[in-house]
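Geometric and topological summary
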Amino acid sequence: MGLLDILLGRTKPVAPDLDQLFALPSAAVTLQAAAGFTPTGVGAVCFATVEGAAFVQTHREVQALLDADADRAGPPVELTQDGYGYSWLVSRRTPDQLPQLVNDLHAVNSSMEVNGFGPQLLCSLAAFEDARGRRLALVYLYKRGTFYPFAPLPGTAERRDSALELQVKAQLADDLRTEQDLSRWFPVWGAPGL
């Protein structure tokens, strides 16, 4: 970063730190104790839609890597697209397998990054639910290296529970590197598991 960048207020982008994903299991313990949310077993990686043979090959590699896990039942990685045109690679585990789910998310992100699709990666999430049926996702922003909570309100309208999101942010302050800029807490409507 040069002097001109400093004078013009440009900042160097934060490098993705995929190892931050490994903080999710301990954050889940805090989240359950403080707010009653437990993992659903669904996690996903979101990216700008990619087409072509290189992506098909990467998807096959990820699938083969995760297929090698003998503890998994069903398809390891499912490719879906939401109503906004974003693609999701979805991993499903049992709710008590959050560490394995985090390993899946890390492997998907790493494989896409290694194969040149890092610029298309947007976020990863792990889904949670409480006894009242409220849904919550802990969303990892790939390009920022931070997390934020996303809590959609039930129903058809795209509305979120901002009070719950702020409560969860405060509860997980010691467990996760939280995104401090609330304008970057993007809604992930139509995300798998929510």
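This text goes with the structure placed above it.
These notes cover the structure that comes with them. Just so you know, these numbers come straight off a predicted model, no measurement behind them. Residue numbering note: each chain is counted from 1, following its sequence as written. Where totals are concerned, whole chains, interfaces and linings use all residues; where local detail is concerned, this predicted model gives features only for residues with pLDDT of at least 70, and gives and counts side-chain atom pairs only at 80 or more. Excluded from the side-chain calculations are hydrogens and water; all other atoms, namely the structure's heavy atoms, are used.

This next bit is on the side chain of Thr40. Here a helix means four or more residues in a row that DSSP labels H or I, a strand means two or more in a row labelled E, and each is numbered from the N terminus. Among the structural elements, Thr40 can be located in strand 1 (residues 38-48). Any N or O atom pair separated by 3.5 Å or less is treated as a polar contact, with the protein-specific requirement of one donor-capable and one acceptor-capable atom, and with residues adjacent in sequence counted only for side-chain atom pairs. Within the local environment of Thr40, its side chain forms a polar contact with the backbone nitrogen of Val42, the two atoms lying 3.3 Å apart. Contacts: residue pairs with any heavy atoms within 4.5 Å of one another. If we skip the residues at most four places from it in the chain, Thr40 touches Arg93, Pro95, Ala127, Phe128, Glu129 and Arg135.

Here the focus is the sheet that holds strand 6 (residues 146-150). Picture the strands of a sheet paired through backbone hydrogen bonds; they go either parallel or antiparallel. The strand order across the open sheet built from six strands is 2-3-1-4-5-6, with neighbouring strands paired in antiparallel fashion. On the outer flanks of this sheet lie strand 2 (78-81) and strand 6, each paired with one strand and no other. Between one strand axis and the next, the sheet turns by 25° as a mean value, whatever way the strands run. Pairing analysis gives seven bridges linking strand 4 (residues 121-129) to strand 5 (residues 135-141), with the strands arranged antiparallel. Note: two strands are recorded as paired if DSSP finds a minimum of 2 bridges between them. To define axes, lines are fitted to C-alpha atoms, for helices over the stretch in contact only, and angles between the resulting N-to-C directions are given on a 0 to 180 degree scale.

So, on to the packing of helix 2 (residues 24-35) against helix 4 (residues 98-117). For any two helices packed against each other, the geometry is given by the interaxial angle and the distance between the axes. The geometry of helix 2 relative to helix 4 is characterised by a closest axis approach of 9 Å and an angle of 140° between their N-to-C directions. Considering the angle they form, helix 2 stands oblique to helix 4. Crossing angle aside, the handedness with which helix 2 passes helix 4 is right-handed. In this structure, helix 2 uses Leu24, Pro25 and Ala28 to contact helix 4, whose residues at the interface are Leu98, Pro99 and Val102. Polarity classes work like this: nonpolar for Ala, Val, Leu, Ile, Met, Phe, Trp, Tyr, Cys and Pro, charged for Asp, Glu, Lys and Arg, and polar for all others, with Gly in that last group. Partitioning the contact of helix 2 with helix 4 into residue classes produces six nonpolar, no polar and no charged. By definition in this entry, angles of less than 35 degrees are roughly parallel, angles greater than 145 are roughly antiparallel, angles of 65 to 115 are roughly perpendicular, and the rest are oblique. Left-handed describes a crossing whose near helix is turned anticlockwise from the far helix through less than a right angle; right-handed describes the clockwise counterpart.

With that out of the way, let us pick up the packing of aromatic side chains. Whether two aromatic rings pair depends on their centres lying within 6.5 Å, for rings of Phe, Tyr and Trp, where Trp uses its six-membered ring; planes under 30 degrees apart make the pair stacked, over 60 edge-to-face, and the rest tilted. Tallying each qualifying case throughout the model produces three aromatic pairs. Summarising the aromatic geometry, the rings of Tyr140 and Phe147 are spaced 5.1 Å apart at their centres and angled 55° between planes, so their arrangement reads as tilted. We note that Tyr140, like Phe147, is buried. Judged by centre distance (5.1 Å) and plane angle (75°), the rings of Phe150 and Trp189 are edge-to-face. Here Trp189 lies in the segment after helix 5 (162-171) and Phe150 lies in strand 6, a separation of 39 residues in the sequence. Whether a residue is buried, partly exposed or exposed follows from its accessible area with a 1.4 Å probe, protein chains only, as a fraction of its type maximum: under 20%, in between, or over 50%, in that order.

Interaxial distance between helix 3 (residues 53-67) and helix 4 falls to 10 Å at its minimum, and their mutual angle equals 150°. With respect to their mutual orientation, helix 3 and helix 4 come out roughly antiparallel. Crossing angle aside, the handedness with which helix 3 passes helix 4 is right-handed. Seen from helix 3, the contacting residues are Ala54, Phe55, Thr58, Glu61, Val62, Leu65 and Leu66; seen from helix 4, they are Asp104, Ala107, Val108, Ser111, Met112, Asn115 and Phe117. Residue composition of the contact of helix 3 with helix 4, grouped by class: nine nonpolar, three polar and two charged.

This part covers helix 2. One less than the residue count of a helix, multiplied by 1.5 Å, gives the span that helix is expected to have. The end-to-end C-alpha distance of helix 2, which contains twelve residues, comes to 15 Å, matching closely the 16 Å that a straight helix rising 1.5 Å per residue would cover. Where helix 2 is concerned, the buried positions are Leu24, Ala27, Ala28, Leu31 and Ala35. Projection of helix 2 onto a plane perpendicular to its axis shows the buried side chains occupying an angular sector of 105°, all on one side. Those residues of helix 2 that are exposed and aimed more than 90 degrees away from the buried face are Val29 and Ala33. This arc corresponds to the set of directions leading from the helix axis out to the C-beta atoms.

With that settled, consider the environment of His59. Inspection of the secondary structure assignment puts His59 in helix 3. Here His59 falls in the buried class, since its relative accessible area comes to 16%. Measuring from C-alpha to C-alpha, the distance between His59 and Leu89 comes to 8.8 Å, with 30 residues separating the pair along the chain. Discounting residues that sit within four places of it in the chain, His59 has contacts with Val77, Leu79 and Leu89.

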